[in-house]
Amino acid sequence: MTSKTDETLGYEQARDELIEVVRRLEAGGTTLEESLALWERGEALAKVCRTWLEGARKRLDATLAEEDDAREEGAAAPE
């Protein structure tokens, strides 16, 4: 579950923190509890990133659909 703080993170902030979490996990040297906490944080950050990317995709799809509709209406207009 994401926290209120996670909901206010921008994509770049969440991505950068996720990169740091992965780096720390890959480096090793953490206790099992620390590793689990890092893993959970990484999952939460990945969810934030996914939400941002899905929102961006929806906006792009909507804009492209509007452009297609406008082109079709322009092509169908009598001259």
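Residues numbered from 1 in each chain as written. Predicted model: local features only at pLDDT ≥ 70, side-chain atom pairs only at ≥ 80, totals over all residues. Heavy atoms only, no water.

1. Re helix α2 (residues 11–27)
Residue pairs spaced three or four apart in an α-helix point in one direction, given the helix's 3.6 residues per turn. We apply this condition: Counting from the N terminus, the helices are the DSSP runs of H or I reaching at least four residues and the strands are the DSSP runs of E reaching at least two. Expected helix span is computed as 1.5 Å times (number of residues minus one).
Between its first and last C-alpha, α2 extends 24 Å over 17 residues, near the 24 Å set by a 1.5 Å rise per residue. At the exit of α2 stands Gly28, carrying a positive phi of roughly 75°.

2. Notes on the nonpolar core
For soluble globular proteins, the rule of thumb is that nonpolar side chains tend to be buried together. Defined as follows: Definition used in this section: a nonpolar core is a set of buried Ala, Val, Leu, Ile, Met, Phe, Trp, Tyr and Cys residues joined via side-chain atoms within 4.5 Å. Summary of the burial criterion: residues with accessible area below 20% of their type's maximum are buried, those above 50% are exposed, and those between are partly exposed, where the area comes from a 1.4 Å probe applied to protein chains only. Residues are treated as being in contact if the distance between any of their heavy atoms lies within 4.5 Å.
Within the largest apolar cluster, seven residues are counted, these being Leu9, Ala14, Val21, Leu38, Leu45, Val48 and Cys49. Going through the elements one at a time, α2 and α3 (32–76) are the ones with two or more residues in this core. Ranked by residue count, the leading element in this core is α3, at four residues. In this structure Ala14 touches Leu9, Leu45, Val48 and Cys49, once residues within four positions along its chain are discounted.

3. A short note on the pattern of salt bridges
Two side chains bearing opposite charge may form a pair once their charged atoms approach each other closely. Selection criterion: A pairing counts as a salt bridge when a side-chain nitrogen of Lys or Arg comes within 4 Å of a carboxyl oxygen of Asp or Glu.
All chains considered together, the criterion is met by six salt bridges. A salt bridge links Arg15 to Asp16; the shortest N-O distance between them is 3.0 Å. With a closest N to O distance of 2.5 Å, Glu20 and Arg23 form a salt bridge. Linking Glu20 with Arg23, this pair stays in helix α2, spanning three residues, or about one helical turn. Exposure remark for Glu20: the relative accessible area of 34% places this residue in the partly exposed category. Residue Arg23 is classed as partly exposed on the basis of its relative accessible area of 44%. Salt bridges sharing common partners tie together Glu67, Asp68 and Arg71.

4. Considerations on the environment of Arg24
One can find Arg24 in helix α2. Distance in space between the C-alpha atoms of Arg24 and Ser35 is 8.7 Å, their sequence separation being 11 residues.

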